[in-house]
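These are the residues of each chain, in order.
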Amino acid sequence: TGIGALIAGGTGGVAGGIFSSTDDSEEKAKHEGFKEGKQYANSENSVRMNQLLNNLKKQEDKFKEQKDFEDFTIAAFAVGISVANCDGELHPDEISDLEEIISGESYKSLPFSLKIEIRKLKNNPPNFNTAMEYVKKVDKNKWESFSDIIELVMNADGHIRREENAYFEAWKRFNNVA
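The model shown is predicted, which means the values in this text are computed figures rather than measured ones.

Colleague: Please give an account of helix α2 (residues 92-103) that cites residues and values.
Modeller: Along its 12 residues, α2 runs 16 Å from first to last C-alpha, staying within 8% of the 16 Å computed at 1.5 Å per residue. Looking at α2, one finds that the buried residues are Glu94, Ile95, Leu98, Glu99, Ile102 and Ser103. Buried residues along α2 cover an arc of 140° about the axis, so they all sit on one side. Immediately downstream of α2, the backbone of Gly104 shows phi near 55°, a positive value.

Given below as structure tokens:
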């Protein structure tokens, strides 16, 4: 009976070892499956994250383009209104010409917030220095347009006044220094 118990114990130990080994294999398989699933999900999330980042970058570029457009438009109106008012009189025809010069037919479709800023400039015309603060927000590669706006507004009524000449000279100095 001692030998029988030893054989029974040995058989039980081997059987237990086999089942234990099977349990460990299942546990390892579950763990590996979980790990692979997590890696797959992470790679899928990584792809989605990269797509999201690319889309956000495109939107950021569009917002920057929109901001650049708004900065330029406001600066153009600030300069034009400032020139038109430098002789002390802001004539409605000058404003009408200015709207046509700067934005043409698209003036009607400008964003409401931009129209509000333009209206503020019309109601309280900026002086030269204030207009130049707006210009500083615009890429210097676009500054040539401001020279054109100044000249067009100066010539709008058919004769150039002393104040308008002084404004243009101040613009040339600012443009060369800035």
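Colleague: Break down the confidence of the model for the protein for me, with residues and values.
Modeller: Chain-level statistics for the protein give a pLDDT mean of 80 and a share of 76% at 70 or above. Taken element by element, the protein is modelled with least confidence in helix α1 (residues 2-85), mean pLDDT 70, and with most confidence in helix α4 (residues 128-135), mean pLDDT 98. The low-confidence segment residues 2-19, where pLDDT is below 50, has 0 contacts with residues more than four positions distant or belonging to other chains.

Colleague: Give me the packing of α4 against helix α6 (residues 162-177): which residues, what numbers.
Modeller: Remark: α4 packs on α6, axes separated minimally by 12 Å, with the N-to-C direction vectors making an angle of 40°. Between α4 and α6, the angle falls in the class oblique. α4 and α6 meet at a crossing whose hand is right-handed. Contacts between α4 and α6 involve Phe128, Ala131, Met132 and Val135 from the former and Tyr167, Ala170, Trp171 and Phe174 from the latter. Partitioning the contact of α4 with α6 into residue classes produces 8 nonpolar, no polar and no charged.

Conventions used here
In every chain, residue numbers begin from 1 and rise along the written sequence. Where totals are concerned, whole chains, interfaces and linings use all residues; where local detail is concerned, this predicted model gives features only for residues with pLDDT of at least 70, and gives and counts side-chain atom pairs only at 80 or more. Calculated side-chain values reflect all of the structure's heavy atoms, with hydrogen atoms and water omitted. What counts as a helix is a DSSP run of H or I of at least four residues, what counts as a strand is a run of E of at least two, and both are numbered from the N terminus. Expected span of a helix, by definition, is 1.5 Å for each gap between consecutive residues, and there is one gap fewer than residues. Accessible area is worked out with a 1.4 Å probe on protein chains only. A residue is then buried under 20% of its type maximum, exposed over 50%, and partly exposed in between. Read the arc as the range of directions from the helix axis to the C-beta atoms. The pLDDT value expresses, per residue, how confident the predictor is, ranging between 0 and 100. In this analysis, two residues are considered to be in contact whenever any of their non-hydrogen atoms come within 4.5 Å of each other. Comment: axis = line fitted to C-alpha atoms, over the contacting stretch for helices; angle = value between 0 and 180 degrees taken between N-to-C directions. We call two directions roughly parallel when the angle between them is under 35 degrees, roughly antiparallel when it is over 145, roughly perpendicular when it lies between 65 and 115, and oblique otherwise. Crossing handedness is read from the near helix: turned anticlockwise from the far helix by less than a right angle, it gives a left-handed crossing, and turned clockwise, a right-handed one. Each residue gets one label: Ala, Val, Leu, Ile, Met, Phe, Trp, Tyr, Cys and Pro are nonpolar, Asp, Glu, Lys and Arg are charged, and the others, such as Gly, are polar.

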